[in-house]
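Residue-level listing of the chains:
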Amino acid sequence: MRALILVDLQNDFLPTGALPVPDGDAVLAVANRAIGSGDFACVVATQDWHPREHGSFAANHPGRRVGEVILLDGLEQVLWPVHCVQDTAGAELAPGLDVHGLERVFRKGTDPRIDSYSGFFDNGHRKSTGLGDYLRERGVTHVAVLGLALDYCVKFTALDARQLGFEVEVIANGCRAVNVQPGDDERAIVALREDGVAVVNRYSAG
Ligand code: VGL
Ligand code: ZN
C-alpha cells in the first residue's frame, strides 16, 4: 500500500508568501498529477501551523535576525520570518492544490517551544503528530514525499519515515528548497540517499 505525503503546500511558502521558497509554486502541478495518478491509495498533507508566539520566529526574540541560530529549549533553532500562523491566509493550503483527494491533514509546529520540520515528530522527537500510526493503520508500507521545502520539512519528513520503517521515495521535481545556505538542496539529496531514500523525478508534465 502506497501513500503520498504532501508537505507544507501552504501560501506562506509560495513565492508571494512570508517565507518564500523560490519557484515553490511550480510544485503544485506535480502534486496534482501525483494525486490524480491513481498510484496512491492514501493521500495526506502536512500543514505548518504555528501560534503567533512561536519560538522559531525571529520577531519573538528581540535583537535577533532571520537566519540566526539560537538555542530554543535546548535545541539549535534557525530563526525564520513569521509564517504559517494558525488561522491566517498564509497558513492555508495553496489554492491551486487539488484537495479533493486529501484524506487527512496533519498539523505540526503548534508547540511554541519547539519547531517541527518533520510531519511525524517535532525536532526533538518528543511528540508524534499521529501520522506514523495513521499510515500503519491504513496498511501503508511505501511513502512518496513531495512539497516544500526540500531542505527542511521534506527532508526531515522523509528521514523520519525511513526511521519508522517505511520504504521512502522523494519526488524531487515536486520539491523546491529554501537554500538558506547555497547548496543546501544538494546536501539534502545526499543525506536522503545515504539514508536509503530513493530520490526520483516523476509526474512531470507531458
Ligand atoms: C519549513 C522552515 C520553517 C518548511 C517550515 O516547510 O520546510 N521551513 N518552517
Ligand atoms: Zn515553520
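Please read these numbers as outputs of a predicted model, since none were measured by experiment. (Residues numbered from 1 in each chain as written. Chains lettered and ligands numbered in written order. Predicted model: local features only at pLDDT ≥ 70, side-chain atom pairs only at ≥ 80, totals over all residues.)

### Describing the site of ligand 1
Move 1: As a structural note, the neighbourhood of ligand 1 is formed by Asp8, Phe13, Asp48, Trp80, Tyr117, Leu148, Ala149, Tyr152 and Cys153.
Move 2: Residues that form the shell around ligand 1 fall into these classes: seven nonpolar, no polar and two charged. (Near = placed C-beta within 6 Å. Nonpolar A, V, L, I, M, F, W, Y, C, P; charged D, E, K, R; others polar.)

### Some thoughts on the packing of helix α3 (residues 150–163) against helix α4 (residues 184–194)
Move 1: Following both chains from N to C, one finds α3 and α4 inclined at 5 degrees, their axes separated by 10 Å at the closest point. Regarding the angle of α3 to α4, the classification is roughly parallel. Between α3 and α4, the contacting residues are Leu150, Asp151, Lys155 and Ala158 on the first element and Asp184, Asp185, Ala188, Ala191 and Leu192 on the second.
Move 2: Considering only residue class, the contact of α3 with α4 consists of five nonpolar, no polar and four charged. (Axes fitted to C-alpha atoms, helices over the stretch in contact; angles between N-to-C directions. Helix = DSSP H or I, 4+ residues; strand = E, 2+ residues; numbered from the N terminus. Parallel < 35°, antiparallel > 145°, perpendicular 65-115°, else oblique. Contact = placed C-beta atoms within 7 Å.)

### A few points about the pairing of strand β7 (residues 167–176)
Move 1: Summarising burial for β7: eight of the 10 residues are buried, a large majority.
Move 2: The pairing of strand β6 (residues 142–148) with β7 spans six bridges and is parallel. Across the sheet, Ala144 pairs through a bridge with Glu169, a residue of β7.
Move 3: In this fold, the crossover linking β6 to β7 by way of α3 has right-handed handedness.
Move 4: Examined bridge by bridge, β7 and strand β8 (residues 198–200) share three bridges and lie parallel to one another. Bridging across to β8, Ile171 finds its partner in Val200.
Move 5: In this region the chain leaves β7, passes through α4 and returns to the parallel neighbour β8; the handedness of that crossover is right-handed. (Buried ≥ 20, exposed ≤ 12 C-beta atoms within 10 Å, placed from the backbone. Pairing = 2+ DSSP bridges. Right-handed = clockwise from strand over helix to strand, strands pointing away.)

### With respect to the UniProt feature "domain: Isochorismatase-like" (unreviewed entry) in the protein
Move 1: Following the UniProt record, the feature "domain: Isochorismatase-like" (unreviewed entry) maps to residues 3–199 here.
Move 2: The span residues 3–199 is 21% helix and 22% strand, and its two end C-alpha atoms sit 16 Å from each other. (UniProt positions renumbered as here; feature names shortened; annotations may be inferred.)

### Looking at the confidence of the model for the protein
Should the pLDDT be low somewhere, the predicted coordinates at that spot are not to be read in detail.
Move 1: In the predicted model, the protein carries a mean pLDDT of 97, and 100% of its residues have values of at least 70.
Move 2: Reported confidences for the modelled complex are a pTM of 0.98 and an ipTM of 0.98. (pLDDT = per-residue confidence, 0-100.)

### A look at the environment of Gly36
Move 1: Summarising the element assignment, Gly36 is placed in helix α1 (residues 27–36).
Move 2: Note on Gly36: 14 C-beta atoms within 10 Å, which makes it partly exposed.

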